[in-house]
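# Reading the structure
Okay, here's what each chain looks like letter by letter:
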Amino acid sequence: MPIEMINQIKVMESYAFVAPMLFIMVHVLRPLLFIPVLLLCIAGGIVFGLLAGTIYSIIGLTISSILFYLIIHLLPAIEKRCKRLEEKLLGKQLSLNTIQIMLLRMLPFIHFHLLSFCIYKKSVSFTSYLRTTFLTVIPVACFYTTLGKTIQEISIYYAVPLVIMVLILAYLVRKKQVAIKWQTFFQQKTA
């Protein structure tokens with residue numbers, strides 16, 4: 001085997017370790033990059049396949065939720081803002097159980113970390129938060145990674161109408177979303 005070919009194989013093997021790490025890091029940075037959870041999970045299914053994509057998405061979403069917990073726990077001002085946002089969107093009386101959070105996480109237009117905040121509020125400890133978070137990200141990762149793998153294997157004759165249908169559905173759903181202005185979310189409360 002020529003030396004050049006051996007070097008190419010070594011480079012490809014090094015990417016086999018780097019690609020999953022980058023994918024998990026993108027999951028962690030996802031809130032800052034404004035990338036929807038479903039888009040990353042679908043990409044994981046396309047790039048890594050069903051099993052690996054699901055595992056990497058679960059790891060990334062769990063780490064992202066852990067960071068959210070730490071930020072909320074360390075910065076009470078952000079906790080207050082999240083509480084106001086939750087009351088505005090979900091109402092004061094609403095208390096979601098784990099199954100409801102799991103189902104709401106499947107919906108692409110419900111904010112991932114708003115649901116993480118709901119888990120934070122009902123958790124008595126970090127361990128309980130982590131357990132509930134892990135249970136609620138598994139269905140999301142499985143469903144959207146499976147969708148990504150399916151899209152990869154589907155015929156172009158089925159893919160084009162499917163993509164058009166998803167785009168139309170996304171457009172229709174987009175019109176129903178509640179938009180909160182940046183200034184409203186970050187406004188200072190005067191007492």
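The structure we're discussing is the one just above.
Anyway, here's the lowdown on the structure attached to this text. (Residues numbered from 1 in each chain as written. Predicted model: local features only at pLDDT ≥ 70, side-chain atom pairs only at ≥ 80, totals over all residues. Heavy atoms only, no water.)

With that settled, consider the overall build of the chain. In terms of helices and strands, the chain carries nine helices and zero strands. Each helix and strand of the chain, ordered N terminal to C terminal, gives the series α-α-α-α-α-α-α-α-α. The buried share among the 191 residues of the chain stands at 29%. Of the roughly 12800 Å² that the chain leaves accessible, carbon and sulfur atoms contribute 72%. (Helix = DSSP H or I, 4+ residues; strand = E, 2+ residues; numbered from the N terminus. Buried < 20%, exposed > 50% of the residue type's maximum accessible area, 1.4 Å probe, protein only. Areas by Shrake-Rupley, 256 points an atom, 1.4 Å probe, with all protein chains shown as cover.)

Turning our attention to helix H2 (residues 37–48). For H2, which comprises 12 residues, the first-to-last C-alpha distance of 16 Å matches the rise-based estimate of 16 Å (1.5 Å per residue) to within 8%. Among all positions in H2, only Val37, Leu40, Cys41, Ile42, Gly44 and Gly45 are buried. Backbone geometry just downstream of H2 places glycine 49 in the positive-phi region, at approximately 95°. (Expected span 1.5 Å × (residues − 1).)

Glancing now at the packing of aromatic side chains. To describe a pair of aromatic rings, you give the distance between the ring centres and the angle between the ring planes. Tallied over the entire structure, the rule returns seven aromatic pairs. Aromatic side chains phenylalanine 48 and tyrosine 56 sit 5.0 Å apart centroid to centroid with 85° between the ring planes, which places their arrangement in the edge-to-face category. By relative accessible area, phenylalanine 48 is classed as partly exposed at 22%. Relative to tyrosine 120, the ring of tyrosine 69 lies with its centre 5.3 Å away and its plane at 65°, an arrangement referred to as edge-to-face. Taken as a pair, tyrosine 69 in helix H3 (residues 50–74) and tyrosine 120 in helix H6 (residues 112–122) lie far apart in primary sequence, 51 residues in all. Judged by relative accessible area, which is 11%, tyrosine 69 ranks as buried. Tyrosine 120 gets classed as buried once you look at its relative accessible area, which sits at 13%. (Phe/Tyr/Trp six-rings, centres within 6.5 Å; stacked < 30°, edge-to-face > 60°.)

This part takes up the side chain of threonine 62. Here threonine 62 shows up in helix H3. With residues near it in sequence (within four places) discarded, threonine 62 still touches Leu130, Phe134 and Val137. (Contact = heavy atoms within 4.5 Å.)

This part is about H6. The element H6 is extensively covered by neighbouring structure, given that nine of its 11 residues are classed as buried. Listing the buried residues of H6 in full gives Phe112, His113, Leu114, Leu115, Ser116, Phe117, Cys118, Ile119 and Tyr120.

Okay, the side chain of arginine 105 next. With respect to the secondary-structure elements, arginine 105 resides in helix H5 (residues 98–105). Look at arginine 105: it is buried, it has no salt bridge, and the nearest opposite charge is glutamate 86 at 11 Å. Excluding its chain neighbours within four sequence positions, the residues that come into contact with arginine 105 are Ser65, Phe112, Leu115, Ser116, Ile119, Thr133, Thr136, Val137 and Val140. (Lys, Arg positive; Asp, Glu negative; His and termini not counted. Salt bridge = Lys/Arg side-chain N within 4 Å of Asp/Glu carboxyl O.)

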